[in-house]
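Given next are the chains, with one letter for each unit.
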Amino acid sequence: MKNNSIIKIVLLVCLCLACDRESHIGVRTNTSLNKNWSFQKGDTINQSLWEEVHIPHTPKIEPLVVNNQWQGVCWYRKELSHNLLKEAKNHFLKFEGVMQESEVWINQHKIGHHKGGYLPFTLNITPYLKKDVQNVVLVKVTNTDHSKIPPGKPLKELDFNTYGGIYRNVHLISTNNIYISEAISENKVNGGGVYFRFDDVSKTNASGFVKIHLVNKTKNKKEIKAVVTLRHKDKQQSFVTKPVLIHANNNATLVGSFSINTPQLWSPETPNLYQVEIALKDEKDILFDKVSITTGIRSIELNKNGFFLNGKKRFINGTNRHQEYPYVGYAISDNANYRDAYKIKQAGFNFVRLSHYPQSKSFIEACDQLGLMLMNCIPGWQYFEEGEFEENAFQDIKDLVRRDRNHPSMIFWENSLNESAMTHDFMVKANQIVKQELPYNDTYTAGWIDHNAYNLFIPARQHSNPPHYWNNYNNKGRQIFIAEYGDWEYYAHNAGFNQKEFKNLKSEERTSRQLRAYGEKRLLQQALNYQEAFNSNLKGKNTIGHANWLMFDYNRGYADDLEASGISDIFRIPKFANYFFKSQKSHNIDSLSSPMVHIASHWNKNSSLTIKVFSNCEEVALYLNNNLISKKAVETNTYSTHLKHPPFVFNIPSFTEGTLKAIGYINGKNLAEHSVTTPQNPNKISLEIDESGKPLKPGDDDLVFIYAKITDQNGHLVNNANHEITFSIENHSQAKIIGPTKVKAEAGIASILLRTYFTNTKIQITAKAQNLTPAKLQLFH
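Residues numbered from 1 in each chain as written. Predicted model: local features only at pLDDT ≥ 70, side-chain atom pairs only at ≥ 80, totals over all residues. Heavy atoms only, no water.

A few words on the pattern of salt bridges. Enumeration according to the criterion identifies 34 salt bridges in this entry. For the salt bridge of Lys361 with Glu365, the shortest nitrogen-to-oxygen distance reads 3.9 Å. A residue pair is termed a helical-turn pair when its members lie 3 or 4 positions apart in one helix, as Lys361 and Glu365 do in helix H4 (residues 361-370) at four residues. Residue classification places Glu365 among the partly exposed residues on the basis of a relative accessible area of 31%. (Salt bridge = Lys/Arg side-chain N within 4 Å of Asp/Glu carboxyl O. Helix = DSSP H or I, 4+ residues; strand = E, 2+ residues; numbered from the N terminus. Buried < 20%, exposed > 50% of the residue type's maximum accessible area, 1.4 Å probe, protein only.)

In structure tokens:
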């Protein structure tokens, strides 16, 4: 009996261990495949030309001003583990973005052909894997003009660039034989994957449902349920869906309802997020799959009275963003995307229009985290063609919605081809697709044509005429959002109200397209253009918001210069206009707002004696060499009648070198200061790294800007210095300067792009120039 008891106990332990093993064997893994690819350019493969690269990758390091962007065919090759078939039962390759036509082979079997450069695709590689050998992935990437693939327009006629390569992340997803599908993997309404929907949202309760698409690759039917757990900080709540019977080699959808008491709502001021874990289990609680998503709870409503977020009416203050970086084009790190979002939030915006194409998952996630509302866009610009192009655009709409439907930041769907002559039938079908994917009252589509199929009309300011532009728009209570303003109406129309503000300006000095190198006067004019347009837009009774054109300078296919209407340059260095926008955000409403004051002057002998100070304070005092010029409360003029925080304007009788200091007061308290000092002769270099809310960490594959500032002996920036700076990295194989190592300073600052390759060792950067004291910067001390 004793021996039998021992046998029973051993058997029980073995059964428990087996159950535990089954609970974990095959549960999904998501492995980055970004490291160690082989790459070459050319129509055909030459085995002697392979070079090692890491993803994100661009086929060519371009010059700063891109006037002959590389186009052509390139190849990527990667070896996968020979143990894949032992480690799990299903394996998928997921590409987040490849520009723009991809053909994929595994072990010489062609398994996929994807058209489009801005959205992900997932391929099942399981049937083509071999046991106990290296499995080889080969990707052919074609990036040439293609009229059938949106945006469709030839590069030489396009208002942005389409940089090639596997420029976003690549994943290997491994699952059990019963698993949750990818959102973009099923050609069916509502797609696959997981969709979280909050139907009824208030401060006291949020209710909704979840849809989970399942696949059963086994030979047996199975009853499956989902255990769903929502976590916010230290609180969590779980519920279990009713089980669904999923037949052998088939798929099914689980649906479960839920209710959350006292939800923490998402907004730009309080971007609360919930971590949602979904675990698939059978009737014995054996775990088959587990996925996690991040989402937020919020309500949106667009009606004749305006736009409402969580029941509160608000005006949307936004910007436009192109996703390119200098030299590498689109091939930027997740952290670099976050830093862009951080800079946008820091500049005072609460909204981004993702012009004119779907942008990376990591940027959208950053907007969720930081509190930036979004308008998602399909690829398009001044081009339309019926037939295959049209069908590819429809597929882009489906994929866009399926990828991004769980993001709380996503409030509008621009399923409109920007400034393109779309047909009535196209617009109707484009909106039908969105409504089929998201058949709910708070699904809002947006189009640049005032067509009834769209919920929101989004023209650019220049699409109407001065002096009122769209301020008198009234179409039966329909709302309008100004999708672009501040650039073209001053560049082409030359029709701004303030064109005589500086009477001695030349025509090119009146536009908003101003590089930092162009100097104080022209940067002040850019800021004034944006101020005037901003103020004008606020007068529209049916205007729910606007987005300036744009945040960062960028390259264009059709032009041989930088488009410089950005309020920061292509290296993300702010111009004066950046501080105007920052001043329009009231202080202390979120983690990136505070009392601020900024003097828009370089204060040298050529500076204007009319000093403009941007501030969100109630009063500002200006001092010159500690002598009070004046202390002022808010004043308005023609260009600031509707602004929340008009600029403060001071007049100084004559120039005296020294220090201008502005102090901002709220309720009589000194809460912000900024000073500008007349620089002396260039003397030395100082080095800074731009981390913008996301520090460079050991072990990361990352991209960061390094700035070499030319200063006088007291550390004051010399704004007119244009020395050539030579940068170098000392004895390091896992850190590299991308682009030139000799850079001419622009307005006193020379910028480089540094890429780190999974390194943990110290990086030392040196910057030198003739007649200047050099500087060193150490990273990872």
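Next, the rest of the story.
Turning our attention to the packing of helix H9 (residues 520-537) against helix H10 (residues 576-583). At a minimum axis distance of 8 Å, the contact between H9 and H10 shows a crossing angle of 30°. Judged by the sense of rotation from one axis to the other, the crossing of H9 with H10 is right-handed. Of the residues in H10, those in contact with Glu520, Leu523, Leu524, Gln526, Ala527, Tyr530, Gln531 and Phe534 of H9 are Phe576, Ala577, Phe580 and Phe581. The residue inventory of the contact of H9 with H10, partitioned by class, reads nine nonpolar, two polar and one charged. (Axes fitted to C-alpha atoms, helices over the stretch in contact; angles between N-to-C directions. Left-handed = near helix turned anticlockwise from the far one by under 90°. Contact = heavy atoms within 4.5 Å. Nonpolar A, V, L, I, M, F, W, Y, C, P; charged D, E, K, R; others polar.)

All right, on to the side chain of Asn376 then. Positionally, Asn376 belongs in strand E27 (residues 373-377). Asn376 gets classed as buried once you look at its relative accessible area, which sits at 0%. Here the side chain of Asn376 touches Asp404 through a polar contact of 2.6 Å, side chain to side chain. Not counting the four nearest positions on each side in its chain, Asn376 is found in contact with Leu354, Pro358, Leu400, Asp404, Met410, Phe412, Trp413 and Glu414. (Polar contact = N/O pair within 3.5 Å; in protein donor to acceptor, adjacent residues only side chain to side chain.)

Per the counting criterion, the structure on display carries six cavities of 30 Å³ or more. Estimated volume of the largest cavity: approximately 260 Å³. Around the largest cavity sit 20 residues that line it, and Tyr195, Arg197, Arg298, Arg405 and Asp442 are the ones nearest its centre. Those elements that place two or more of their residues in the lining of the largest cavity are strand E14 (194-201) and strand E28 (410-414). The element best represented in the lining of the largest cavity is E14, accounting for four residues. Residue composition of the lining of the largest cavity, by class: 11 nonpolar, five polar and four charged. (1 Å grid on protein atoms, 1.4 Å probe; cavity = no way out; pocket = protein on both sides within 12 Å on 5 of 7 lines; lining within 4 Å. Points joined across faces, edges and corners; volume = space filled by probe spheres on them.)

Membership of the largest hydrophobic core comes to 63 residues, with the highest contact counts inside it found for Ile344, Phe426, Ile567 and Phe581. At the level of elements, helix H3 (334-346), H4, helix H5 (388-404), E28, helix H6 (424-437), strand E31 (480-482), H9 and H10 are the ones that each hand at least two residues to this core. With near-sequence residues (within four places) excluded, Ile567 lies in contact with Ala347, Phe349, Tyr530, Asn548, Leu550, Met551, Pro574, Lys575, Ala577, Asn578 and Phe581. Residues Phe196, Phe239, Ile246 and Tyr274 belong to the second largest nonpolar core, which totals 31 residues. (Core = buried A, V, L, I, M, F, W, Y, C linked by side-chain atoms within 4.5 Å.)

If you check H9, its first and last C-alpha atoms are 26 Å apart, about what 18 residues at 1.5 Å a residue would give, namely 26 Å. The element H9 is extensively covered by neighbouring structure, given that 17 of its 18 residues are classed as buried. (Expected span 1.5 Å × (residues − 1).)

A few words now on H3. Taking 1.5 Å as the rise per residue, H3 with 13 residues should run 18 Å; its terminal C-alpha atoms sit 18 Å apart, in good agreement. For H3, a buried count of 11 out of 13 residues is recorded, marking the element as mostly surrounded by other parts of the structure. When we look at burial in H3, the residues that qualify are Asn335, Ala336, Asn337, Tyr338, Arg339, Asp340, Ala341, Tyr342, Lys343, Ile344 and Lys345. Among the structural elements, strand E25 (316-320), strand E26 (351-353), H4, strand E40 (684-690) and strand E41 (701-711) are those in contact with the buried residues of H3. Looking one or two residues beyond H3, the residue adopting positive phi is Gly348, at roughly 100°.

Below, the discussion takes up unusual backbone geometry. Of the consecutive residues Ile55 and Pro56, the connecting peptide bond is found in the cis state with omega at 0°. Looking at the element boundaries, Pro56 is found in the loop between strand E3 (51-53) and strand E4 (72-80). In this model, Ser355 is joined to His356 through a cis peptide bond whose omega is -20°. Along the chain, His356 falls in the loop between E26 and H4. Notably, Asn107 is not glycine yet its phi reads approximately 50°, a positive angle. Checked against the element boundaries, Asn107 lands in the loop between strand E7 (101-106) and strand E8 (109-115). Judged by relative accessible area, which is 10%, Asn107 ranks as buried. Positive phi, close to 55°, is recorded for Lys233, a residue that is not glycine. With respect to the element layout, Lys233 can be found in the loop between strand E16 (222-232) and strand E17 (235-240).

With that settled, the discussion passes to the environment of Phe95. Here Phe95 is to be found in strand E5 (residues 90-95). The exposure class assigned to Phe95 is buried, which follows from its relative accessible area of 1%. The sequence separation of Phe95 and Phe121 amounts to 26 residues, and the corresponding C-alpha distance is 5.6 Å. Among all residues touching Phe95, those that are not within four sequence positions of it are Trp37, Val104, Pro120, Phe121, Val139, Ile166, Asn169 and Val170.

Another point: the pairing of E17. Of the strand pairs in this sheet, E16 and E17 are connected by six bridges, and their pairing is antiparallel. Among the inter-strand pairings, Val227 is bridged to a residue of E17, identified as Val240. Connecting E16 to the next strand, E17, in antiparallel fashion are two residues, including Lys233 with a positive phi near 55°. (Pairing = 2+ DSSP bridges.)

By secondary structure assignment, the location of Thr144 is in the loop between strand E10 (135-143) and strand E11 (165-166). Residues Thr144 and Glu101, spaced 43 residues apart in sequence, show a C-alpha to C-alpha distance of 8.7 Å. In this structure, Thr144 is in contact with Gln71, Gly72 and Gln100, ignoring residues within four places of it in sequence.

This part is about the packing of aromatic side chains. By convention here, two paired aromatic rings are described through the distance between centres and the angle between planes. Using the criterion set out here, one finds 44 aromatic pairs in the structure. For the ring pair Phe534 and Phe581, a centre distance of 6.0 Å and an interplane angle of 55° mean the geometry is tilted. With Phe534 in helix H9 and Phe581 in helix H10, the pair connects residues that are 47 residues apart, well separated along the chain. Put simply, the rings of Phe349, Tyr485, Tyr530, Phe534, Phe580, Phe581 and Phe614 pair up and form one aromatic cluster. (Phe/Tyr/Trp six-rings, centres within 6.5 Å; stacked < 30°, edge-to-face > 60°.)

With that out of the way, let us pick up the side chain of Lys78. Along the chain, Lys78 falls in strand E4. For Lys78, which is buried and forms no salt bridge, the nearest opposite charge comes from Glu79, at a distance of 8.5 Å. A distance of 2.6 Å separates the side chain of Lys78 from the backbone oxygen of Lys35, its partner in a polar contact. Setting aside its immediate chain neighbours within four residues, Lys78 contacts Leu33, Lys35, Asn36, Trp37, Asn135, Val136 and Val137. (Lys, Arg positive; Asp, Glu negative; His and termini not counted.)

With that out of the way, let us pick up the sheet that holds strand E37 (residues 648-651). Here three strands make up an open sheet; going across it, the order is E33-E34-E37 and the pairing antiparallel. The open sheet is flanked by strand E33 (597-599) and E37, the only strands paired with a single partner. Averaged over neighbouring strand pairs, the angle between their axes works out to 25° when direction is ignored. As paired strands, strand E34 (residues 610-615) and E37 are joined by four bridges and run antiparallel to one another. Note on E37: the bridge partner recorded for Ile611 is Phe650. Along the sheet, H10 makes contact with E33 and E34, crossing E34 at roughly 45°.

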